[in-house]
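Structural description and commentary
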Amino acid sequence: MVQARGAAKPRGVATPQHPRCSSRASTARWVARATAVPPPAQQEDRAQDKKGFLEAFTGGGIEGIEPSPLVEWGQSITADMVAKLKETQAKGADDVPVVTPSAEGMSLAEEEQDLCNRKAELLDLLAQRGSIHFTGYNLMKDAAGYHRFYDALGLDPCLDPIHSVAARPVSSAEHKIYEAVNKPSRSNYVVGMHNEMVGTQAPRYAGFVCFKPAEEGGEFWTVGGNDLFHELSTPLLQKMQQKKVIFSVVEFPMGFLKNLDKKIVESFVKPAIKGLAGAAVGLKVDFPVFFRFVDEGYDGEMALQGYADPQPAVIEDPVSKLPVVFCNIHSHSKFLRDDRQKSLGALQETSGASKANKTDVSYGDDSPFTEEELYEFDRAVMKVMKPIPMKAGDVVLLDNYRTMHGRGTFKGSRHNAVAWFNAL
């Protein structure tokens, strides 16, 4: 059975209306109202969450499948094309239709066969709408069943785009599944909306599965990239397309250098550290990363930051050929993260590779986004965001180019996982 997302109101979650806001306070109030649960008590991260920074350079535990495919940027969309595309291409292409088993009381084998029988219909629906919410299934309540699910649909798993540095814990190496962001230390943290893309790699599709929902909160969030294209202000889209966007992707704290002789630091230590960092990262990633020192990093201390190449904010989706926002400002902007956190309470001390995974965003010419521009991006994202309360066995299958994903805050323990897929 297939339902439009709009027909799924009995689930008890309606998309909140985001006020048009231009101030820090109004944005913070909306985030608190729409996403926050009271900050949880200090909880211990699990063993798989605690890989240290050095361990993160040992690679992941999943083997025997292809790397994540290279990014398909599609036909170039220039700044002067944005307004015309908004006029000629109708809104409303993106949705999250709800799919349930064809009949009640099916066995696991019958659910699997039902998926096989409906494969063409479901993949066509994915191509039309950009995502699907599968619910009411027992098959996908464990890793083996989830493997049977994606095999039934003919999906070919690939490695995580950050597999080489093992920054994402593995949920099941046998079934090619990675952990979602389940860390208790990040339970009062909003995972901002983003497409899964690192450097030159981006999986074609993603399947997020719920093995255990949180006791409270933790809804899965989606944003249609074409919806966002139509919602964002035309001047901001044009400016991003003209200047392009650049992300800092990693930061190494260097506060200890302030205790050394300044001349030695500038003449010898900094060049040596930059060279070593570049060589180390170059061994592990397949895209250029350039490094520079900043006097104040994310924690207010001197730091060495690494940056990826500039990219466009809007691209042509390879399947639908629609213009879509394919740009991780909502998740990567330090300003927006800090602004959200003011309503959600102080973050707990985290563990593992997350300590180095600190990001920010600027224009390609290194000029900063204004607060007003970042608030506009946040406003538009939250206006078109669709929250999905996933139950055990639910799967959200999405086109990674066309649909962004994220996660709200939660209480208790949560076990969601993800598999990445090549093109069909």
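Our structure is the block above this text.
Residues numbered from 1 in each chain as written. Predicted model: local features only at pLDDT ≥ 70, side-chain atom pairs only at ≥ 80, totals over all residues. Heavy atoms only, no water.

Attention now goes to the overall build of the chain. For the chain, the count of helices and strands is 11 helices and 21 strands. By element, 55% of the accessible surface of the chain is carried by carbon and sulfur atoms, the whole surface being about 17,800 Å². (Helix = DSSP H or I, 4+ residues; strand = E, 2+ residues; numbered from the N terminus. Areas by Shrake-Rupley, 256 points an atom, 1.4 Å probe, with all protein chains shown as cover.)

So, about the pattern of salt bridges. Counted under the stated rule, the structure contains 17 salt bridges. Ionic pairing is found between Arg-204 and Asp-399, a salt bridge with its closest N-O pair at 2.5 Å. Of this pair, Arg-204 sits in the loop between β7 (191–194) and β8 (205–212) while Asp-399 sits in strand β18 (residues 395–399), and the two are 195 residues apart along the sequence. For Arg-204, a relative accessible area of 3% gives the class buried. Here Lys-239 ties to Glu-373 by a salt bridge, and the two come within 2.8 Å at their closest N and O atoms. Of the two residues, Lys-239 sits in helix α7 (residues 234–243) while Glu-373 sits in helix α11 (residues 371–384), which places them 134 residues apart along the sequence. Residue class for Lys-239 comes out partly exposed when judged on its relative accessible area of 26%. (Salt bridge = Lys/Arg side-chain N within 4 Å of Asp/Glu carboxyl O. Buried < 20%, exposed > 50% of the residue type's maximum accessible area, 1.4 Å probe, protein only.)

Moving on to the packing of aromatic side chains. Scanning all chains against the criterion turns up 12 aromatic pairs. Between Tyr-146 and Phe-149, the ring centres sit 5.8 Å apart and the planes meet at 15 degrees, which makes this aromatic pair stacked. Within this pair, Tyr-146 and its partner Phe-149 are both found in helix α5 (residues 143–152), separated by 3 residues, close to a single helical turn. Each member of the pair Tyr-146 and Phe-149 is classed as buried. (Phe/Tyr/Trp six-rings, centres within 6.5 Å; stacked < 30°, edge-to-face > 60°.)

It is worth spelling out helix α10 (residues 334–344) at this point. Three or more residues of α10 are buried, namely Phe-335, Leu-336, Arg-337, Asp-339, Arg-340, Gln-341 and Leu-344. Capping of α10 at its N-terminal end is provided by Ser-333; its side-chain oxygen lies 3.4 Å from the backbone amide nitrogen of Phe-335. Gly-345 occupies a position one or two residues after α10 and carries a positive phi of about 95 degrees. (Polar contact = N/O pair within 3.5 Å; in protein donor to acceptor, adjacent residues only side chain to side chain.)

This part is about the sheet that holds strand β11 (residues 245–253). The sheet built from 4 strands is open, its strands ordered β12-β13-β11-β16 with antiparallel pairing. With one partner strand each, in any of the chains shown, β12 (290–294) and β16 (360–363) form the two edges of the open sheet. Between one strand and the next, the sheet's axes are offset by a mean angle of 35 degrees, whatever the strand orientation. Taken together, the 5 bridges between β12 and strand β13 (residues 303–307) define a ladder with antiparallel strand orientation. (Pairing = 2+ DSSP bridges. Axes fitted to C-alpha atoms, helices over the stretch in contact; angles between N-to-C directions.)

This paragraph deals with the environment of Glu-296. Residue position: Glu-296 is located in the loop between β12 and β13. Judged by relative accessible area, which is 62%, Glu-296 ranks as exposed. Sequence spacing of Glu-296 and Met-254 is 42 residues, and the spatial spacing of their C-alpha atoms is 9.8 Å.

This brings us to the sheet that holds strand β19 (residues 403–407). Spatial strand order, β7-β19-β10-β17: 4 strands in an open sheet with antiparallel pairing. Pairing within the sheet leaves two strands with one partner each, and these edge strands are β7 and β17 (386–388). The mean inter-strand angle of the sheet, taken between neighbouring strand axes irrespective of direction, is 20 degrees. Alignment of β7 against β19, held across 2 bridges, turns out to be antiparallel. Across the sheet, residue His-194 finds its bridge partner in β19, namely His-405.

Counting 34 residues, the largest nonpolar core has Leu-228, Leu-232, Met-240, Val-245, Val-325, Ile-329 and Phe-369 as the members making the most contacts within it. Of all the elements in the fold, those that place two or more residues in this core are β10 (220–224), α6 (225–231), α7, β11, α10, β16 and α11. The greatest single-element share of this core, amounting to 7 residues, is contributed by α11. When near neighbours in sequence (up to four residues on either side) are disregarded, Leu-232 contacts Lys-86, Leu-237, Met-240, Val-325, Glu-376, Phe-377 and Ala-380. Counting residues in each nonpolar core, the second largest holds 26 residues, with Leu-115, Leu-126, Ile-132 and Val-395 among its members. (Core = buried A, V, L, I, M, F, W, Y, C linked by side-chain atoms within 4.5 Å. Contact = heavy atoms within 4.5 Å.)

Residue Lys-176 is not a glycine yet carries a positive backbone phi of 60 degrees. Looking at where Lys-176 falls in the secondary structure, it is placed in the loop between β5 (170–172) and β6 (177–179). One non-glycine residue, Lys-321, lies in the positive phi region at around 65 degrees. If you trace the backbone, Lys-321 turns up in the loop between β14 (314–316) and β15 (323–325).

Here we take up the pairing of β8. Taking burial as the measure, the 8 residues of β8 include 7 buried ones, the bulk of the element. In this structure, β8 lies alongside β18, joined through 5 bridges in antiparallel fashion. Residue Val-209 lies in a different strand from β18, and its bridge partner there is Val-395.

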